Amino acid sequence: MATAVNVNGENRCGRAGEVKRFDESKIGVKGLVDSGLTTIPSIFIHPPETLSDLKPKPKLQSVVIPTIDLSGSRSTVVEQLAAASRTFGFFQIINHGIPVQVLDRMIGSIRAFHEQPTDVKAKFYTRDIATGVNFISNVDLFLSKAASWRDTLQIKLAPTLPELENIPEVCRDEVVEWSLHSEALGERLMGLLSEGLGLDTDRLKNTTCLDARMMVGHYYPRCPQPDLTVGIASHTDPGVLTLLLQDHIGGLQIKHQGEWVDIKPVHGALVINIADILQILSNDEYVSVEHRVLANPSEEARVSIAVFFNPSAREALYGPFSELTSSEKPPRYRQFVYHDYMRRFFSKELDGKTLTNYYRI
């Protein structure tokens, strides 16, 4: 079994060396916790400007993102989704058609993967997703100023699932089932959101916005110094739409009216957020907002599973839908090739809304 490397050490080779040793250990943050450490390694300590902003302001603690019942009339649901997408960029959905037992099994299977022995997980630890499956700690580990306190199992769901033998056995059946459910729900949501913009139901679907899906199963173990780091740094998602299943622990926050607001978990609900591409396609009708996850102070690890819906036409040009622009409301973004857009996203750390701002006219 792999043992924890000395990432607390004297920083002899600087941050780059410490990051490299941590990554090569393949133990992840969970491995550090299992080693019994009581202080977090220096590579995880965030700068003062981040740490000073970790506590939400009391005046916004009563703010609650909308919870939308998808069993309502279509016109009502369309109106509610559009309003939430314009105001918050985040909402929770209930009566979405996925049984609670499926949600619970999915959470349990991802927890089971991360709580396997370190040497079992290490077989999946790589930054190469050629097989469609990989286990890592921090997708931006080598680019960020400070690492975040989480580990991640990534699985490409579409255009095609990986070979089944490449999906960890402990969560294989649940991932296959989750892929089917999330695809159907994503298509339903895309249709409703298209209608909320006054477009044809299939407008987003026909732009290949359903055709490339990536799942991440995040694991946030107890952090011994949660006031010095974060679970995920502030960012917006680069795709079209994100579907999030979270357990009961909590820690997700969004930026609303300039302040951080907690997204309290609701058992059986799913969290949906608008991502950058949809903000651009909608010409700022819908908003992609910054969000983050606090480091977990609880003895029980936090688990969340996100499905990112992305366009599959990587060489196509993207920009505001022509139906949503006019002389009175000209396009607010220049057109760009989606492949270049994603390359730019993965060449930097998670850092707020810099990508949409880059393409803004």
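Residues numbered from 1 in each chain as written. Predicted model: local features only at pLDDT ≥ 70, side-chain atom pairs only at ≥ 80, totals over all residues. Heavy atoms only, no water.

### Concerning the sheet that holds strand 1 (residues 67-69)
The pairing of strands in a sheet comes from backbone hydrogen bonds and takes either a parallel or an antiparallel form.
Part 1 of the reasoning: One open sheet holds the eight strands; their spatial order is 1-2-10-7-12-5-4-3, and the pairing between them is mixed. Two strands in the sheet have a free side with no partner beyond their single neighbour: strand 1 and strand 3 (133-136). Each strand axis lies, on average, 25 degrees off the axis of its neighbour in the sheet, ignoring direction.
Part 2 of the reasoning: Note: strand 7 (residues 241-246) against strand 10 (residues 270-274), four bridges, orientation antiparallel. Residue pairing for strand 10: leucine 244 is matched across the bridge by valine 271.
Part 3 of the reasoning: Set on the sheet, helix 5 (residues 100-114) makes contact with strand 3, strand 4 (151-158), strand 5 (212-220), strand 7, strand 10 and strand 12 (302-310); between it and strand 5 the angle comes to about 65 degrees. (Pairing = 2+ DSSP bridges. Helix = DSSP H or I, 4+ residues; strand = E, 2+ residues; numbered from the N terminus. Axes fitted to C-alpha atoms, helices over the stretch in contact; angles between N-to-C directions. Contact = heavy atoms within 4.5 Å.)

### With respect to the pattern of salt bridges
Part 1 of the reasoning: As enumerated under the stated definition, the model contains 19 salt bridges in all.
Part 2 of the reasoning: A salt bridge links glutamate 285 to lysine 329, with the nearest nitrogen and oxygen atoms 2.4 Å apart. You can see glutamate 285 sitting in the loop between helix 8 (276-281) and strand 11 (291-294) and its partner lysine 329 sitting in the loop between strand 13 (317-318) and strand 14 (336-337), a full 44 residues away along the chain.
Part 3 of the reasoning: The network of salt bridges with shared partners includes Arg111, Glu115, Asp247 and Glu300. (Salt bridge = Lys/Arg side-chain N within 4 Å of Asp/Glu carboxyl O.)

### Structural notes on the side chain of serine 85
Part 1 of the reasoning: Positionally, serine 85 belongs in helix 4 (residues 74-87).
Part 2 of the reasoning: Its relative accessible area of 0% is what places serine 85 among the buried residues.
Part 3 of the reasoning: In this structure the side chain of serine 85 is engaged in a polar contact, spanning 2.8 Å, whose partner is the backbone oxygen of leucine 81.
Part 4 of the reasoning: Among residues more than four places away in sequence, those in contact with serine 85 are Phe91, Leu193, Ile274, Glu285, Tyr286 and Val287. (Buried < 20%, exposed > 50% of the residue type's maximum accessible area, 1.4 Å probe, protein only. Polar contact = N/O pair within 3.5 Å; in protein donor to acceptor, adjacent residues only side chain to side chain.)

### Let's talk about the confidence of the model for the protein
Part 1 of the reasoning: For the protein, per-residue confidence averages 92 on the pLDDT scale, and 93% of positions sit at 70 or higher.
Part 2 of the reasoning: Segment residues 1-12 is flagged for pLDDT under 50; beyond a separation of four residues in sequence, or across chains, it makes 24 contacts in the model. (pLDDT = per-residue confidence, 0-100.)

### What to know about the pairing of strand 7
Part 1 of the reasoning: For strand 7, the tally of buried residues reaches six of six residues, placing the bulk of the element in the interior.
Part 2 of the reasoning: Going residue by residue along strand 7, you find Leu241, Leu243 and Leu245 tucked away on one face and Thr242, Leu244 and Gln246 tucked away on the opposite face as well.
Part 3 of the reasoning: Sheet topology note: the strand 7/strand 12 ladder contains six bridges and is antiparallel. Within the sheet, the bridge partner assigned to leucine 241 lies in strand 12 and is phenylalanine 309.

### Describing the sheet that holds strand 8 (residues 252-256)
Part 1 of the reasoning: One open sheet holds the four strands; their spatial order is 6-11-8-9, and the pairing between them is antiparallel. Edge positions in the open sheet fall to strand 6 (230-235) and strand 9 (259-262), since each of these has one partner strand only. Sheet twist, expressed as the mean angle between neighbouring strand axes with direction ignored, is 30 degrees.
Part 2 of the reasoning: Of the pairings in the sheet, the one linking strand 8 to strand 9 comprises four bridges and is antiparallel in character. In the sheet register, histidine 256 faces strand 9, and the bridge partner there is glutamate 259.

### What to know about the UniProt feature "domain: Fe2OG dioxygenase" (unreviewed entry) in the protein
Part 1 of the reasoning: The positions UniProt marks with the feature "domain: Fe2OG dioxygenase" (unreviewed entry) are residues 205-311.
Part 2 of the reasoning: Structurally, residues 205-311 is divided into 6% helix and 45% strand, and its ends, taken at the C-alpha atoms, are 9 Å apart. (UniProt positions renumbered as here; feature names shortened; annotations may be inferred.)

### What about the packing of aromatic side chains?
Part 1 of the reasoning: Enumeration according to the criterion identifies eleven aromatic pairs in this entry.
Part 2 of the reasoning: Centroid distance tyrosine 125 to phenylalanine 135: 5.3 Å. Interplanar angle 90 degrees. Geometry classified as edge-to-face. Of this pair, tyrosine 125 sits in the loop between helix 6 (118-122) and strand 3 while phenylalanine 135 sits in strand 3; the two residues are ten residues apart in sequence, bridging distant segments of the chain.
Part 3 of the reasoning: For tyrosine 125, a relative accessible area of 5% corresponds to the buried category.
Part 4 of the reasoning: Overall, phenylalanine 135 belongs to the buried group, its relative accessible area being 0%.
Part 5 of the reasoning: The side chain of arginine 334 reaches across the aromatic face of tyrosine 358, ending 5.0 Å from its centre.
Part 6 of the reasoning: Cation over ring: arginine 344 sits above tyrosine 358, and NZ or CZ is 3.7 Å from the ring centre. (Phe/Tyr/Trp six-rings, centres within 6.5 Å; stacked < 30°, edge-to-face > 60°. Lys NZ or Arg CZ within 6 Å of the ring centre and 35° of its normal.)

### Describing the environment of isoleucine 280
Part 1 of the reasoning: Inspection of the secondary structure puts isoleucine 280 in helix 8.
Part 2 of the reasoning: Between the alpha carbons of isoleucine 280 and lysine 348 there is a distance of 20 Å; along the sequence they are 68 residues apart.
Part 3 of the reasoning: Look past the residues within four positions of isoleucine 280 in its chain and what remains in contact with it is Gly319, Pro320, Tyr333, Phe336, Tyr341 and Thr356.

### Topic: the packing of helix 4 against helix 7 (residues 172-196)
Part 1 of the reasoning: Between helix 4 and helix 7, the shortest axis-to-axis distance is 8 Å and the interhelical angle comes to 80 degrees. When the axes of helix 4 and helix 7 are compared, the pair comes out roughly perpendicular. On helix 7, the residues that touch Arg74, Val77, Val78, Leu81, Ala82, Ser85 and Arg86 of helix 4 are Leu189, Gly191, Leu192, Leu193, Glu195 and Gly196.
Part 2 of the reasoning: Split into classes, the residues belonging to the contact of helix 4 with helix 7 amount to seven nonpolar, three polar and three charged. (Parallel < 35°, antiparallel > 145°, perpendicular 65-115°, else oblique. Nonpolar A, V, L, I, M, F, W, Y, C, P; charged D, E, K, R; others polar.)

### Quick look at the pairing of strand 8
Part 1 of the reasoning: With four of five residues buried, strand 8 lies mostly within the body of the structure.
Part 2 of the reasoning: In this sheet, strand 11 lies alongside strand 8 in antiparallel orientation, the contact comprising three bridges. Counterpart to leucine 252 in the pairing with strand 11 is valine 293.
Part 3 of the reasoning: Between strand 8 and strand 9, which pair antiparallel one after the other, the connecting turn spans two residues, and glutamine 257 there sits at a positive phi close to 55 degrees.

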